[in-house]
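Observations on the three-dimensional arrangement
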Amino acid sequence: DLTTLHAVAKFVSLIPYYQDSIAFSGSCDIWTTSELFLKMLAGDEEEHAILLCNYFLYLGVDSYIIKGVGIPEGETCYVLTKLPEGVGLWNPSTGAYHPQSRPYHSLASVYFCFNHENIWANIQSYDDPGRLDFNFNNTRSWKPFFSTKDNPRLSTVQVSRLEYIETNQPAIQVL
C-alpha cells in the first residue's frame, strides 16, 4: 500500500540529517548500521537510505539502494522500489516519492544499486533514472558484482530486530 510506504518514508525523513565529517571527526565516510543510526538519532543520506530500504524490505517490498547524484544534494543515496504501480524513487532524507515515469526527478544520475543480495553497476549508455531499465537481470544494462553461481551470500552487519525505547511522556509535555 503506497500510503503506508509514504508514512514510513516520512518517519525516516524526520530523523535529523548529520554529516559523517561532523559526527566522526577526522574519519572518512562511514555507513553505520540502522541500530546505531537510531541510537545516534542522526545520520546522513546513507543511513537514511539503509533504514528506509530495510523497512520497505520488512514490509515485503522489492527494494534497493541507489548511489548516484541528486539535485541539490550532490552525491547521495535514494531507495528504489518495484511495485505493481511501477518503479519508484524515494529520497530518504526528505521522504519525497518520485515515480520513475515522472519526467522530473531530484535524482539526476544513477551509478549503482544494491540490496541484501548483490550490487549492480549501471553499464547503460546513460544514467538518467527516468530512462534506465531497472531490470537487474538484464546484463546489457547492469553488471552484477557477484555472479549467480559465485555469490557468497555474505552475512549482514545489521541486527535482525531493532529495539525501540518507549517515548517518555512527561518529557514530551515539557517540550
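To keep things clear, this report deals only with the structure shown in the data block.

Rules behind the numbers
- Residues numbered from 1 in each chain as written.
- Predicted model: local features only at pLDDT ≥ 70, side-chain atom pairs only at ≥ 80, totals over all residues.
- Heavy atoms only, no water.
- Core = buried A, V, L, I, M, F, W, Y, C linked by side-chain atoms within 4.5 Å.
- Buried < 20%, exposed > 50% of the residue type's maximum accessible area, 1.4 Å probe, protein only.
- Helix = DSSP H or I, 4+ residues; strand = E, 2+ residues; numbered from the N terminus.
- Contact = heavy atoms within 4.5 Å.
- Pairing = 2+ DSSP bridges.
- Axes fitted to C-alpha atoms, helices over the stretch in contact; angles between N-to-C directions.
- Expected span 1.5 Å × (residues − 1).
- Salt bridge = Lys/Arg side-chain N within 4 Å of Asp/Glu carboxyl O.
- Phe/Tyr/Trp six-rings, centres within 6.5 Å; stacked < 30°, edge-to-face > 60°.
- Lys NZ or Arg CZ within 6 Å of the ring centre and 35° of its normal.

1. Some points on the nonpolar core
In terms of nonpolar packing, the biggest core is built from 23 residues, with Leu51, Leu52, Tyr55, Phe56, Ile65, Val79 and Trp90 touching the most fellow members. When residues of this core are traced back to their parent elements, those giving at least two are helix 1 (2–13), helix 3 (34–40), helix 4 (45–58) and strand 2 (74–83). With seven residues, the single largest contributor to this core is helix 4. Non-local contacts of Ile65, meaning those with residues more than four positions away in its chain, are made with Ala49, Ile50, Cys53, Cys77, Tyr78, Phe112, Cys113 and Phe114. Of all hydrophobic cores here, the second largest spans 14 residues; its members include Leu89, Leu107, Val110 and Leu132.

2. Quick look at the sheet that holds strand 3 (residues 86–90)
Here we have seven strands laid out as an open sheet, ordered 4-3-2-1-5-6-7, and antiparallel in their pairing. Only two strands of the sheet have a single partner each, and these edge strands are strand 4 (97–99) and strand 7 (142–144). For this sheet, the mean angle separating the axes of adjacent strands, direction not counted, is 35°. The sheet contact formed by strand 1 (residues 62–70) and strand 2 spans nine bridges and is antiparallel. Within the sheet, the bridge partner assigned to Gly70 lies in strand 2 and is Gly74.

3. Description of helix 4
Since the α-helix advances by 3.6 residues per turn, residues separated by three or four positions end up pointing in the same direction. In this model helix 4 runs 20 Å from its N-terminal to its C-terminal C-alpha over 14 residues, within 8% of the 20 Å that 1.5 Å per residue would give. The buried fraction of helix 4 is high, at eleven of 14 residues. Taken residue by residue, helix 4 has Glu45, Glu46, Glu47, His48, Ala49, Ile50, Leu51, Leu52, Cys53, Tyr55 and Phe56 as its buried positions. Among the residues trailing helix 4, Gly60 stands out with phi positive, at a value near 85°.

4. Some points on the pattern of salt bridges
As enumerated under the stated definition, the model contains two salt bridges in all. The closest approach of N and O atoms between Lys67 and Glu46, which form a salt bridge, is 3.8 Å. Taken together, the residues Lys67 in strand 1 and Glu46 in helix 4 connect sequence positions 21 residues apart. For Lys67, the salt bridge is made with Glu75, and the minimal N-O distance between the two is 3.9 Å. Salt bridges here are not isolated pairs; linked through shared partners, they connect Glu46, Lys67 and Glu75.

5. A few points about the packing of aromatic side chains
Summed over the entire model, instances satisfying the criterion amount to eleven aromatic pairs. Pairing Phe136 with Trp142 gives two aromatic rings, centres 4.9 Å apart and planes at 70°, and the pair type is edge-to-face. On the basis of relative accessible area, Phe136 is assigned to the buried category, the value being 6%. Look at Trp142 and you get buried, because its relative accessible area is 0%. Each ring, one from Phe145 and one from Phe146, has its centre 4.9 Å from the other, and the planes form 85°; the classification is edge-to-face. An aromatic cluster of at least three residues, connected via ring pairs, comprises Tyr64, Trp120, Phe134, Phe136 and Trp142. Directly above the ring of Tyr126 sits Arg131, whose terminal nitrogen or CZ lies 4.0 Å from the centroid.

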